[in-house]
Amino acid sequence: MSSPLPKGARRAEPRLMKGNEAAIHGALLAGCRSFYGYPITPASELAETAARLFPPCGGTFLQAESEVAAINMLYGASSAGERTMTGSSSPGISLMMEGVSYAAGSELPIVVVDIMRGGPGLGNIGPEQGDYFQVVKGGGHGCYRNIVLAPASAQEMADLTVLAFELSDKYRNPAFVLADGFVGQTMEPVKLPLAPTAPPARPWAVRGDAATRHNLITSIFLSHDALEQHERGLQVKYETIRQSEVRYVEEAVADAEILLVGYGIVARVLRRALVLLRGAGIRAGLLRPLTLWPFPEAVMRRLAHRVAKILVVELSAGQMVEDVRLAAGERCPVAFYGRMGGNVPSAEEIAAEAVRVMEGRRWAAAFKPAREVSHAQAAS
């Protein structure tokens, strides 16, 4: 998979690690020096790796008594000027959402890694993408936005975590790394950047010294007008992010008649489905959003003008597909195919669905859907 980091950046020799471990390595290379969290499957390696690596690097690891406590520890650490992070999985992220709203309202940069599992409720520990709504649409109360990055490999778990810290600091805003359990648990070679990132100065922080005694970090504005002014300022910031920070990967779209859209592990299965479809004479293309917010609306509109059909595939009942339909409008039909409960569709299954969407049912039999897919097959 392609890297979102600048080409030519010097990297170390590849090391085999899980996506969850790669995120922690990326955080340390980004200058993060504190991790507060509570372990939960399939995100447990985040806390485990942070406990092993943060203290020797001069940082802090603290297993909090709950996810609610952990997210509020990030509030304090960020207020004091430190790059800080947490990691959890779907039910744990639900518990954190009040704190995320507070951080957004106080314009505090924090990074949260969400390794999505099956839901709702306790669900199971299989991979799903059912947290799209709660992370991309805010999750907590109030008119705020999270920056949301969607890795599809262990390499991108490291690289996009570095990027999450950069964007979070640049805009003083919470940033999420949103991955399904497959991406978090997949073990692959990772080439870590050789040059660590120096965190920027935070003159707005409250460090308990004379230089910062007049700084105030808060999300409470009792005056109606003062709160409205604050919220309007947030919206201006969000529009800047929307115009400046969209990232995506497109493949074989120049002559595509059907566009496949997916993120996370699904995007990797779609790449294989694209090959199958092209081999059968169907001109398929692929769009993979790297940023789920800001969503690549403009490129989606552009491609919707050029293709006959769009097929969105998710490990959910259909969440991102709503943003695709908003962007595509009436330009072309948008179909959806989803699996849930921890199931991941095979490339053959998606290719057959794409043929059905193109109303070429006579070709659908050429692909023999495999209802279950192994870990190795999905990650290839």
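This text goes with the structure placed above it.
This text gives an overview of the structure that appears in the document. (Residues numbered from 1 in each chain as written. Predicted model: local features only at pLDDT ≥ 70, side-chain atom pairs only at ≥ 80, totals over all residues. Heavy atoms only, no water.)

### Section: the overall build of the protein
Right, so step 1: The helix and strand tally for the protein stands at 14 helices and 15 strands.
Right, so step 2: Computed over the C-alpha atoms, the radius of gyration of the protein is 21 Å, within 12% of the 21 Å expected from 2.2 N^0.38 for a compact globule of 380 residues.
Right, so step 3: Restricting to contacts in the protein with at least 6 residues of sequence separation, those with at least 24 account for 78%.
Right, so step 4: Within the structure as shown, the protein displays about 15,600 Å² of accessible surface, and the carbon and sulfur contribution to it stands at 54%.
Right, so step 5: For the protein, the distance from the average position of its 39 positive side-chain charges to the average position of its 38 negative side-chain charges is 6 Å. (Helix = DSSP H or I, 4+ residues; strand = E, 2+ residues; numbered from the N terminus. Rg over C-alpha atoms; globule rule 2.2 N^0.38 Å. Contact = heavy atoms within 4.5 Å. Areas by Shrake-Rupley, 256 points an atom, 1.4 Å probe, with all protein chains shown as cover. Lys, Arg positive; Asp, Glu negative; His and termini not counted. Charge placed at Lys NZ, Arg CZ, Asp CG, Glu CD.)

### A short note on the pairing of strand E15 (residues 334-338)
Right, so step 1: By the bridge criterion, 5 bridges tie strand E14 (residues 309-314) to E15 in an arrangement that is parallel. Along E15, the bridge assignment pairs Leu-311 with Ala-335.
Right, so step 2: For the crossover that starts at E14, traverses helix H11 (residues 320-328) and ends in the parallel E15, the hand is right-handed. (Pairing = 2+ DSSP bridges. Right-handed = clockwise from strand over helix to strand, strands pointing away.)

### Focus: the pairing of strand E11 (residues 258-261)
Right, so step 1: The alternating pattern of E11 places Ile-258 and Leu-260 and Leu-259 and Val-261 on opposite faces, both of which are buried.
Right, so step 2: What joins E11 to strand E12 (residues 284-289) is helix H9 (residues 265-279), and the crossover it makes is right-handed. (Buried < 20%, exposed > 50% of the residue type's maximum accessible area, 1.4 Å probe, protein only.)

### Observations concerning the pattern of salt bridges
Right, so step 1: Overall, the coordinates contain 20 salt bridges when judged by the stated rule.
Right, so step 2: For Arg-11, the salt bridge is made with Asp-159, and the minimal N-O distance between the two is 3.2 Å. With Arg-11 in the segment before strand E1 (15-18) and Asp-159 in helix H6 (residues 154-171), this residue pair connects regions lying 148 residues apart in the sequence.
Right, so step 3: A relative accessible area of 23% means that Arg-11 is categorised as partly exposed.
Right, so step 4: Under the relative-accessibility criterion, Asp-159 is labelled buried at 0%.
Right, so step 5: For Lys-237, the salt bridge identified is with Glu-107, shortest N-O distance 3.1 Å. Of this pair, Lys-237 sits in helix H8 (residues 224-244) while Glu-107 sits in the loop between helix H4 (90-105) and strand E5 (111-118), and the two are 130 residues apart along the sequence.
Right, so step 6: A relative accessible area of 11% means that Lys-237 is categorised as buried.
Right, so step 7: A network of salt bridges, in which partner residues are shared, links Arg-83, Asp-169 and Arg-202. (Salt bridge = Lys/Arg side-chain N within 4 Å of Asp/Glu carboxyl O.)

### Some words on the nonpolar core
Where a protein is soluble and globular, its nonpolar side chains tend to be buried together.
Right, so step 1: Counting residues in hydrophobic clusters, the biggest one holds 120 residues, and the most contacted among them are Met-85 and Ile-310.
Right, so step 2: In terms of residue count, the dominant contributor to this core is H6 (10 residues).
Right, so step 3: Apart from residues lying up to four places away in sequence, Ile-310 is in contact with Leu-259, Val-261, Met-300, Ala-304, Val-324, Ala-328, Cys-332, Pro-333, Val-334 and Ala-335. (Core = buried A, V, L, I, M, F, W, Y, C linked by side-chain atoms within 4.5 Å.)

### Some words on the side chain of Ser-316
Right, so step 1: Mapped onto the fold, Ser-316 is located in the loop between E14 and H11.
Right, so step 2: Excluding its chain neighbours within four sequence positions, the residues that come into contact with Ser-316 are Gln-129, Gly-130, Phe-336, Gly-338, Arg-339 and Met-340.

### As for the sheet that holds strand E10 (residues 248-251)
Right, so step 1: Here 5 strands make up an open sheet; going across it, the order is E10-E12-E11-E14-E15 and the pairing mixed. This sheet does not close on itself; its edge strands, each paired only once, are E10 and E15. Taken pair by pair, the neighbouring strands of this sheet meet at an average axis angle of 20°, ignoring direction.
Right, so step 2: Sheet analysis places E11 next to E12, joined by 4 bridges and oriented parallel. In the strand pairing of E12, Leu-260 is matched with Leu-286. (Axes fitted to C-alpha atoms, helices over the stretch in contact; angles between N-to-C directions.)

### Observations concerning the side chain of Arg-83
Right, so step 1: Inspection of the secondary structure assignment puts Arg-83 in the loop between helix H3 (67-79) and strand E4 (84-89).
Right, so step 2: Exposure remark for Arg-83: the relative accessible area of 5% places this residue in the buried category.
Right, so step 3: At 3.4 Å, the side chain of Arg-83 forms a polar contact with the backbone oxygen of Phe-165.
Right, so step 4: With near-sequence residues (within four places) excluded, Arg-83 lies in contact with Ala-30, Gly-31, Cys-32, Arg-33, Ser-34, Phe-165, Glu-166, Asp-169, Thr-197, Pro-199, Pro-200 and Arg-202. (Polar contact = N/O pair within 3.5 Å; in protein donor to acceptor, adjacent residues only side chain to side chain.)

### Digging into the packing of aromatic side chains
Right, so step 1: Applying the stated criterion across every chain, the model contains 4 aromatic pairs.
Right, so step 2: With a centroid separation of 6.1 Å and 90° between ring planes, the pair formed by Tyr-238 and Trp-293 is classed as edge-to-face. Of the two residues, Tyr-238 is situated in helix H8 and Trp-293 in strand E13 (residues 291-293); the sequence distance between them amounts to 55 residues. Residues Tyr-238 and Trp-293 agree in their burial class; the two are buried.
Right, so step 3: Counting every residue linked through ring pairs, the aromatic cluster contains Phe-35, Phe-54 and Phe-61.
Right, so step 4: Over the aromatic face of Trp-204 sits the side chain of Arg-172, whose NZ or CZ is 4.1 Å from the ring centroid. (Phe/Tyr/Trp six-rings, centres within 6.5 Å; stacked < 30°, edge-to-face > 60°. Lys NZ or Arg CZ within 6 Å of the ring centre and 35° of its normal.)

### Topic: the state of the cysteines
Right, so step 1: Overall, the coordinates contain 0 disulfides when judged by the stated rule.
Right, so step 2: With no disulfide of its own, Cys-32 has Cys-57 as its nearest cysteine by sulfur position, at a separation of 10 Å.
Right, so step 3: A relative accessible area of 0% places Cys-32 in the buried class. (Disulfide = S-S within 2.5 Å.)

### Structural notes on H8
Right, so step 1: The terminal C-alpha atoms of H8 lie 30 Å apart, and with 21 residues this matches the ideal 30 Å at 1.5 Å per residue to within 8%.
Right, so step 2: Buried residues in H8 make contact with H4, strand E7 (147-149), H6 and E13.
Right, so step 3: The opening residue of H8 is Ser-223, an N-cap whose side-chain oxygen sits 3.3 Å from the backbone nitrogen of Asp-225. (Expected span 1.5 Å × (residues − 1).)

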